[in-house]
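# Structural description and commentary
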Amino acid sequence: MTTFDPKLDPYASSRETTEGTVFSVTGGDWDSLVSEIGESKEERIIVNMGPQHPSTHGVLRLVLELEGETVTEVRTGIGYLHTGIEKNIEYRNWTQAVTFVTRMDYLAPIFNETAYCLAVEKLLGITNDIPERASVIRVLMMELNRISSHMVALGTGALELGAMGPMFFAFRDREIVLDTFEEITGLRMNMAYVRPGGVSQDLPAGMTTKLRGVVKTLRKNFEDNAKLLIGNTIWMKRTEGIGYLDLAGCTTLGITGPVLRSAGLPWDLRKMQPYCGYENYEFDVITADTADVYGRFLVRMAELEQSLRIIEQAIDKLDKLEGQPVMVADKKIAWPAQLALGADGLGNSLDHIREIMGSSMESLIHHFKLVTEGFRVPAGQVYATVESPRGELAAHVVSDGGTRPYRVHFREPSFNNLQSTSAMSEGGMVADIIGAVASIDPVMGGVDR
Amino acid sequence: MSEDQKGMFGASGTGDTSGYGGLVRTAASNGSTERPYGGYFDDVADDLERAYPDFSDAITRVVVDRGELTLHIKKSRLVEVARILRDKLKFEMCMGVSGVNYPDRAGAELVAVYPLLSMTKNQRVRLEVATSDLDPHIPSVVEVWAGNNWHERETFDMFGIIFDGHPGLTRILMPDDWDGHPQRKDYPLGGIAVEYKGATTPAPSNRRSYR
C-alpha cells in the first residue's frame, strides 16, 4: 500500500488544463476484483444496490450476494431518511404533532394523521364524541388516499419492471385524487387535515357533486390499467411466482396489508376492528391465493374498486349530514382547527380573528392560552390502529398528563414488511428482487420516520 | 409522572405567571386493575393462568385502561410468557416493540412495550417489561416472533435497551458510529436558534414552554 497523496487519486489519473485539473475516472479496483473472482472457483459476487437506485422505491439499500444471477443473500440497509419525527413530537403540543406525523409515510398522510388522532382521542376519552360528519369525512379522505397510494404502488411497480404505460395512467389518476385533496384541504400532500377531535374544516360548498364526478372518472380510468396489465403475458412472466411469501411466512414476520391478503387471509382492520364507523359501509375484503407479486398486484387493483364503493357511500352520508359539525364541541380541544380556506390557502378564520380582536377579551385570553399552551391529555398509554394501504399502521401514544406527547411511536407497516425482502428474494433471480420490493410497496419516509 | 401535582404547574422557571389553571394532574396509577376486567380480557387472563402455572410470579400487574389490556411481566420470564401466548393463546403476531423512557422511575427507567395481536380470536394484548438504566438488558423475543427483529434493533438504537439473544443487534436508523440513544429523555433534541430581523427564536427544546 502506498502512502496517500491527495493530488493523486488512485482511481482517476489527472492532467492539468486551462480549466483546472481534469480527472479521467477508470475502473478503479474493478480489475483487481475481477482477477480475484477469476481465481476463485465460485462465481460469488457481492453487489451493492442503492441507496440511490431508481428501482428501490426511495433510499433503500440492498446488499446482494449473488451466485451467477441467483441471489443467495439479501441484506437490507435503511435509515437514510430518518428524520427524528418521533423525538420532535415530544417538543410540540398535541395538535402540532399532526403536522409532523403526516410527513412519515408521505404517500398515505391521511392515514398517519388518523392513527395519531384516534390515539389522542382515545387518551382524552372523547372517541364517542367525534361528530359523525367528521368520521365520514375521515373515511372519505382515507379511501381517496388509499387510491392515490395504490396508484403509486402500481405505477412505479410497473415502471420498475419495465412497463411505462401503467405509470402514465396511474399518475394521471393520482393527479385527480391530489387535486381533490387540494380543493378540500388546501394541500396536495402532508395536509395535517385530520386533527384531534375531528377534521380541520368542512368540505367546500358543492364538493359532494364534484366527488361524484371524480368517482365516475376514476372508475372509468381504472379500466385502462386493468386492460393493460391483467392477463398481460409479459407482465405475468415478470410477476407470477415471484416474491413468494405464504401465510405462515407472513404471520411469522408480522406482515399485514395487501401482502398478507395475497396469501389468502382476509384480514383487514376495517372489517375486523372497525374504527371511524367502517362497520357502516359495505365493501369486500379482497384476497388472492397466489402469495406472489401478481397476487399482490391483483389485490391492489381490486381494492381500488372497493375504495370507490366506500367513497360513494360516504358521499351519500355526507349529503345527509350537511351542516353538521366536523369538530368536537369542546372548544379547548377544537380551537386549533378553527381555520378557514381562503384564496391563498389555509389560514385563520376571519370570523374568529374578528371575535378575539374586536369583541371578546375572554376569547382572546382563551385563544392565547390554547395557542401557546395547548390542551392537556390525561396520563396513560394507548395503541390505535388503522388499515393503511400497506397494512396495520398503529400509533402507540403515551401521555404523562402534560400539554405535549410523552412518547409517540408509529408501528409502520412499511418498516415491518420490508423485513420480508430477504425471505421473498433469496434463491430467486437478481431481476426479481425489484418486483418483490415493489410488491411490498415500502415508503422510505415511513420506514425511517 | 411519578407523583400528583397541584396548582400553578403550568409555568416553570420563567416569568410566566398566567399558568394558573387550578388543574390537578393525576399520576398514572401504579396498582393492578381489579377483576372483572370486562370484555375478553377476563378470558385472556383466565386462559393464561391455566396455561402458565407461574402466572402470579411472572406477571406483576394487570392493567386495564381505556379498553386495552396490559400485562406487566418480569423481564426474566418474558420469553416463557411470550411462547405460551403464541402457542396456547394464539397470539400469533407481535406488532413490534416500542420503548419508553421514564427517568423518574428508579430501577425501571426503560420500558419495552409489545403490542400482540391474535388474528384467530381477533384480540389484542399489550406486554410491558421494565428494566433499569444501569442494567439495560431485556431478553429478545425474536425466537418467538421473528418479525420483531427490526423492531428490537430500532428500540436498541433509540433507547439503548440491549435485547439478549437477538441474532444481530445493531443500529438500524442511526449511523453505526453514532453516540448515544436519541429517544432517551436526557438526549437533547438539538437545533439552533434562528435570527430573523433582529428577533431570535430559540431552538424548540430551549423555548419557554408549558409542561
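Quick notes on the rules
Residues numbered from 1 in each chain as written. Chains lettered and ligands numbered in written order. Predicted model: local features only at pLDDT ≥ 70, side-chain atom pairs only at ≥ 80, totals over all residues. Helix = DSSP H or I, 4+ residues; strand = E, 2+ residues; numbered from the N terminus. Buried ≥ 20, exposed ≤ 12 C-beta atoms within 10 Å, placed from the backbone. Contact = placed C-beta atoms within 7 Å. Pairing = 2+ DSSP bridges. Axes fitted to C-alpha atoms, helices over the stretch in contact; angles between N-to-C directions. Core = buried A, V, L, I, M, F, W, Y, C linked by C-beta atoms within 7 Å. Arc of directions from axis to C-beta. Parallel < 35°, antiparallel > 145°, perpendicular 65-115°, else oblique. Left-handed = near helix turned anticlockwise from the far one by under 90°. Nonpolar A, V, L, I, M, F, W, Y, C, P; charged D, E, K, R; others polar. pLDDT = per-residue confidence, 0-100.

## With respect to the overall build of chain A
Within chain A, the regular secondary structure consists of 19 helices and 12 strands. The principal-axis extents of the C-alpha atoms in chain A amount to approximately 85 × 55 × 45 Å. Taken across its 449 residues, chain A has 49% of its residues classed as buried. For chain A, the share of sequence-separated contacts (at least 6 apart) that also reach a separation of at least 24 residues comes to 68%.

## Concerning the overall build of chain B
When its secondary structure is counted, chain B shows 4 helices and 12 strands. Counting over 211 residues, chain B shows a buried share of 34%. Counting contacts in chain B only where the partners sit at least 6 residues apart, residues at least 24 apart contribute 50% of the total.

## A closer look at the interface of chain B and chain A
How big an interface is tends to be stated in terms of accessible area lost as the parts join. In this complex, chain B contributes 37 residues to the contact, which on the side of chain A involves 38 residues. At the level of secondary structure, the elements contributing two or more residues to the side of chain B that touches chain A comprise β5 (93-94), β6 (98-101), β7 (110-118) and α4 (149-159) of chain B.

## Some details on the sheet that holds strand β5 (residues 70-77) of chain A
Residues and elements named next belong to chain A. The strand order β3-β4-β5 describes an open sheet built from 3 strands, whose pairing is antiparallel. Where the open sheet ends on each side, the last strands, each with one partner, are β3 (44-49) and β5. If you compare each strand with its neighbour and ignore which way they point, the axes differ by 20° on average. Where strand β4 (residues 61-67) lies against β5, 7 bridges are found, and the strand directions are antiparallel. Residue pairing across strands places Arg61 opposite Gly77, the latter belonging to β5.

## Brief notes about the nonpolar core
Side chains of a nonpolar character, in soluble globular proteins, are inclined to be buried together. Counting 161 residues, the largest nonpolar core has Ala115, Tyr116, Ala119, Val120 and Ala395 of chain A together with Leu116 of chain B as its most contacted members. Ranked by residues supplied to this core, first place goes to helix α5 (residues 132-160) of chain A with 13 residues. Excluding residues within four positions of it along the chain, Val120 of chain A makes contact with Trp94, Pro196, Val377 and Val397 of chain A.

## A look at unusual backbone geometry
At Ala291 of chain A, a position not held by glycine, the phi torsion is positive, near 55°. You can see Ala291 of chain A is positioned in the loop between α11 (269-272) and α12 (293-320). One non-glycine residue, Lys90 of chain B, lies in the positive phi region at around 65°. Mapped onto the elements, Lys90 of chain B comes out in the loop between α3 (78-87) and β5.

## Brief notes about the sheet that holds strand β10 (residues 380-388) of chain A
Residue and element names in this part refer to chain A. With respect to topology, 3 strands assemble into an open sheet ordered β10-β11-β12, the strand pairing being antiparallel. What marks the edges here is a single partner per strand, and that holds for β10 and β12 (407-411). Neighbour-to-neighbour, the strand axes of the sheet open up by a mean angle of 15°, direction not taken into account. Bridge count between β10 and strand β11 (residues 391-399): 9 bridges; the pairing is antiparallel. By the bridge assignment, Glu387 is partnered in β11 with Glu392. Contacts between helix α4 (residues 109-124) and the sheet are confined to β10 and β11, with β10 contributing the most and set at about 150° to the helix.

## Details of helix α1 (residues 41-51) of chain B
Residue and element names in this part refer to chain B. Those residues of α1 lying buried are Phe41, Val44, Ala45 and Leu48. Relative to the axis of α1, the buried residues are bounded by an arc of 95° and lie together on one face. Turned more than 90 degrees away from the buried face of α1 sit Asp46 and Arg50, all of them exposed. Along its buried surface, α1 packs onto α2 (55-58), β3 (59-65), β4 (68-73), α3 and β8 (123-131).

## Topic: the pairing of β3 of chain B
All names here are of chain B. Relative to β4, β3 runs antiparallel, the two being bridged by 6 bridges. When the bridges of β4 are listed, Val63 appears paired with Thr70. Between β3 and β4, which pair antiparallel one after the other, the connecting turn spans 2 residues, and Arg66 there sits at a positive phi close to 50°.

## Some details on the packing of helix α6 (residues 165-185) of chain A against helix α7 (residues 207-229) of chain A
Residue and element names in this part refer to chain A. Interaxial distance between α6 and α7 falls to 9 Å at its minimum, and their mutual angle equals 170°. Between α6 and α7, the interaxial angle falls into the category roughly antiparallel. For the pair α6 and α7, the sense of crossing is left-handed. The residues of α7 that touch α6, namely those facing Gly165, Pro166, Phe169, Ala170, Arg172, Asp173, Ile176, Thr180 and Ile184, are Met207, Val214, Thr217, Leu218, Asn221, Asp224, Asn225, Leu228 and Leu229. In terms of residue class, the contact of α6 with α7 is made up of 10 nonpolar, 5 polar and 3 charged.

## Some words on the confidence of the model for chain B
All names here are of chain B. Looking at chain B, pLDDT values average 82 and 84% of them are 70 or higher. Segment residues 7-22 is flagged for pLDDT under 50; beyond a separation of four residues in sequence, or across chains, it makes 16 contacts in the model. For this predicted complex, the interface score ipTM comes out at 0.85, while the overall pTM is 0.86.

## Thoughts on the pairing of β4 of chain A
Looking at chain direction, β3 of chain A and β4 of chain A are connected through 6 bridges and run antiparallel. Note that in β4 of chain A the partner of Ile45 of chain A across the bridge is Leu66 of chain A.

## Structural notes on α3 of chain B
Each α-helix turn comprises 3.6 residues. Residues three or four places apart therefore point the same way. For α3 of chain B, the full list of buried residues reads Leu78, Val81, Ala82 and Leu85 of chain B. The buried residues of α3 of chain B occupy an angular sector of 100° when the element is viewed end-on, so they sit on one face.

## What about the packing of α12 of chain A against helix α18 (residues 432-440) of chain A?
All names here are of chain A. At their nearest, the axes of α12 and α18 sit 9 Å apart, and the two run at 30° to each other. Classified by the angle their axes make, α12 and α18 are roughly parallel. Note that α12 runs across α18; the crossing there is left-handed. Contact residues: Val293, Arg296 and Phe297 in α12; Gly435, Ala436 and Ser439 in α18.

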